[in-house]
Amino acid sequence: MKILEIQDAEIAKIENQEPIILSKIKNNVSYEWFYLEINKDDLHVIIILSLKDCFELKDINNFENSSIYFTCYYKNKIVGYSYSFFEGNEKNEFNEKILKWFRLETPTLELWFPDHSLKRYIQLSIEYPRDVSCIKVNKDFDLSSSKKHFWQFISYKNNANGFIKIFDLSPKFDLMDICKRKSNFYDFPLSIKLSKRNTNLYKFENANLYFDHNAGFESLYSIKNNWYWWHARNKNEYEVNYFFPSIEKMFHIGFINNELTSKIHSISNKELILKNSNSFFGLTYPKKIKSIAFNEIQFKKTIESAPFYYRAKSVDNILSTIEVLNPKRIKNDWNQKLLYSRKIHILKNISKESEISSYLNFSKICKKITWNHGKSFYISSLVLPKEQRNSSYFIYTLCRLIDDATDENFLLNIPEASGSKFSTQLLNIFWSDDMEILDDFIPQLIKNISLSLYSVINYDSALDFIMNSRLLIKNLSLEKVYFEDLISGQLMDENFSQPLNISDFNLYCYRVAGVVGIMMSKIFRTQKSPIALNAAEKLGSAMQITNILRDVKEDFEKKRVYIPISLFQKHKIENSLEFFSSDINKQNKIEIIKDLSNIAILYYCESLEGIKYIPSFRARLCVKLMVAVYGSILGKILIDKSFIFKKRIVISHFKKMIIFLKVVIGFHPLKVAKLISKEELP
């Protein structure tokens, strides 16, 4: 085994990139962890799998615990955090899972652990990275080095696939029965912050993954000098550096022009560090560095800060994270107390969703699913009377369950076509009084509702949901045919092919969204009129076109392009790959976006023509709010038509409230959305 050493540095580099687990080979390993960092669009996740935790004081604790450190940021806001320790049998199971994953005996690593707030539970599922060799467990393995501490770079590629689910726990579910935290005086603000975050499902496919390994035969805090470690990536090129400021040398790994290099690099602190700064705890760290591969990198966003380490990331085009560690501070009594407040000790872990299930009534399920997935719809519905508002939440929830049955199929580990099969069975049960067919269906319903709810319901909740759905369907005289049209749209997704022309495109929009507009018109008790029916349908279709434009990047990554082939041909674009290429004429792409936007604006205008057929003022106001809120997404797209190729456009909650107020006081919804000028107002 080749080892790269810097003479005066206490840490050596294992040159081989094939993962090894030293604690399975050597008996005297003091600490060992694997570091995984995932980046995908707005998602940033750090996972540290410690077979022997490095922050445990071995002279105080004569046992060695395994732990997981997990932090999840979405849109630069922390949404999940855990520093959890596994004890006893849980430790053995955790270590065995890690070992089997590295041996490729189980291709997917699935871990469950409590969120720091103790009000949520986290499920992490990650596939073993492609192009990474399986683990080496050769007992004859020889490090051939006098060093006591080792770092191993494993991989830095776009090869991470998996998901993170953060589940809300029922107030009746007491986590203290299965885990303990003896103190939270220091991190109480973090607990409050996490408990206020929306639970969610975070998927990542072909995400950027940085992967390395650290281990030592002495305690980490025995290292005398601090170090800086950072990695940086731009497209397919990257660098990784381990810098020792006391001796002004570093391990440098570079992948430039398809060539991988690993060497020792000498550089002075003055040359490397262009700007220093101090963390909240007084730890000095580089704010701006001179990069070998990428000129300059500036670290502006703090990920985590503690008295003995600091972690931050860049916020520019260079994807980079830096960590500063001062190991001598780990043993400080005060710092150990701070660490103690972060630790959660798992006494008895859960392993499946049913173990955190609870009862949730029908109205709360519908309300929460609408809030989770359709905040614009939810906010617009607030003006409705309670009965109509709850009915609109039910319509949204039922449509969501049908839609998610296909879109989230890979999480449910079922074939894609099973989505429409589930939806068909759902409708047959909801439009039936037969009780005998429920038992086989309820487990699947529990799974699908829990997926959309981000909270696990029990059998009684699912049964209550079915009974109340049947009752509401009868009371509202909802017609099954419109939901069957929705399933026809679902089948178009399952057997996807790019629409040939505008007619195919409009048919798809009608089936997945136009029919939803018609269903809502029933809730609003709209007068029977061809104009009113057309208006309701056009509102749904306009919102769907807006969604298609907003999600064009995400859909392309799923190998779905909803823009008709005829529009590509009209604007001289050969195919979807060309459409997303940076080499193609930008103006041609903009013209396609303008064509679809014009169709959506026309549909929004037609939808407002049906308002006079809605008897209730509050229902009319709801329609205007929907036009204004969804139209504002389209308005934002039209301001910078190229933005949708980079990122998903969103409207902030604050902006939505401004829109809400403007419409309430009488502004025209299309003017609020900036889709028409004052001169164009009817």
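Note that the structure is a prediction, hence the values are computed from the model and not measured.

**Q** So what exactly am I meant to see when it comes to empty space enclosed by the protein here?
**A** Applying the stated criterion to the full structure yields four cavities of 30 Å³ or more. Here the largest cavity is characterised by a volume of approximately 400 Å³. Residue lining of the largest cavity: 30 residues in total, with Ile48, Phe55, Tyr309, Arg311 and Glu323 positioned closest to the centre. No other element matches the three residues that helix H4 (residues 333-342) contributes to the lining of the largest cavity. By residue class, the composition of the lining of the largest cavity is 20 nonpolar, four polar and six charged. Of the pockets and cavities examined, the second largest cavity occupies roughly 70 Å³. What lines the second largest cavity is Asp8, Ala9, Glu10, Ile11, Ile223, Asn225, Asn226, Phe244, Ser246 and Ile247.

**Q** Help me understand the sheet that holds strand E17 (residues 284-291), please; the structure alone is not making it clear to me.
**A** Adjacent strands of a sheet form backbone hydrogen bonds with each other and so pair up, either parallel or antiparallel. The strand order E15-E14-E13-E12-E20-E19-E18-E17-E16 describes an open sheet built from nine strands, whose pairing is antiparallel. Every other strand in the sheet has two partners, leaving strand E15 (259-266) and strand E16 (273-278) as the edge strands with one partner each. Strand-to-strand twist of the sheet, defined as the mean angle between neighbouring strand axes without regard to direction, takes the value 20°. Where strand E12 (residues 227-234) meets strand E13 (residues 237-244), seven bridges bridge the pair, whose relative direction is antiparallel. By the bridge assignment, His231 is partnered in E13 with Val240.

**Q** How do you make sense of the pairing of E13 when you look at a structure like this?
**A** Regular strands place side chains that alternate from one sheet face to the opposite one. Of all eight residues that make up E13, seven are buried, and the element is covered over most of its length. In sequence, E12 turns back onto E13 through a hairpin of two residues, with Lys235 there showing a positive phi of about 60°. With seven bridges joining them, E13 and strand E14 (residues 249-256) adopt antiparallel strand pairing. Bridge pairing in E14 links Phe243 to Met250. Here E13 folds back onto E14 in antiparallel fashion, the turn holding four residues, of which Glu248 has a positive phi close to 55°.

**Q** Please clarify how the packing of aromatic side chains should be interpreted in this entry.
**A** On inspection of all chains with the given rule, the structure shows 43 aromatic pairs. Taking 3.9 Å as the distance between ring centres and 25° as the angle between the ring planes, the aromatic pair formed by Tyr285 and Tyr310 counts as stacked. Linking Tyr285 in strand E17 with Tyr310 in strand E19 (residues 309-314), this pair joins segments that are 25 residues apart in sequence. The two residues Tyr285 and Tyr310 agree in class, both being buried. Members of the aromatic cluster, connected to one another through ring pairs, are Tyr35, Phe153, Tyr156, Tyr210, Trp229, Tyr238 and Phe255. The ring of Tyr156 is capped by Arg233, whose NZ or CZ atom sits 5.2 Å from the centre of that ring.

**Q** Help me understand a nonpolar patch on the surface in this model?
**A** Nonpolar side chains collect at one region of the surface, where Val664, Ile665 and Phe667 lie side by side and expose about 300 Å² of accessible area between them. Relative to the helices and strands, Ile665 resides in the loop between helix H20 (653-664) and helix H21 (669-672). For Ile665, a relative accessible area of 63% corresponds to the exposed category.

About the cut-offs
- Residues numbered from 1 in each chain as written.
- Predicted model: local features only at pLDDT ≥ 70, side-chain atom pairs only at ≥ 80, totals over all residues.
- Heavy atoms only, no water.
- 1 Å grid on protein atoms, 1.4 Å probe; cavity = no way out; pocket = protein on both sides within 12 Å on 5 of 7 lines; lining within 4 Å.
- Points joined across faces, edges and corners; volume = space filled by probe spheres on them.
- Helix = DSSP H or I, 4+ residues; strand = E, 2+ residues; numbered from the N terminus.
- Nonpolar A, V, L, I, M, F, W, Y, C, P; charged D, E, K, R; others polar.
- Pairing = 2+ DSSP bridges.
- Axes fitted to C-alpha atoms, helices over the stretch in contact; angles between N-to-C directions.
- Buried < 20%, exposed > 50% of the residue type's maximum accessible area, 1.4 Å probe, protein only.
- Phe/Tyr/Trp six-rings, centres within 6.5 Å; stacked < 30°, edge-to-face > 60°.
- Lys NZ or Arg CZ within 6 Å of the ring centre and 35° of its normal.
- Patch = residues over 30% accessible without salt bridge, like charges linked within 9 Å, V, L, I, M, F, W, Y side chains within 5 Å.
- Areas by Shrake-Rupley, 256 points an atom, 1.4 Å probe, with all protein chains shown as cover.
- Salt bridge = Lys/Arg side-chain N within 4 Å of Asp/Glu carboxyl O.

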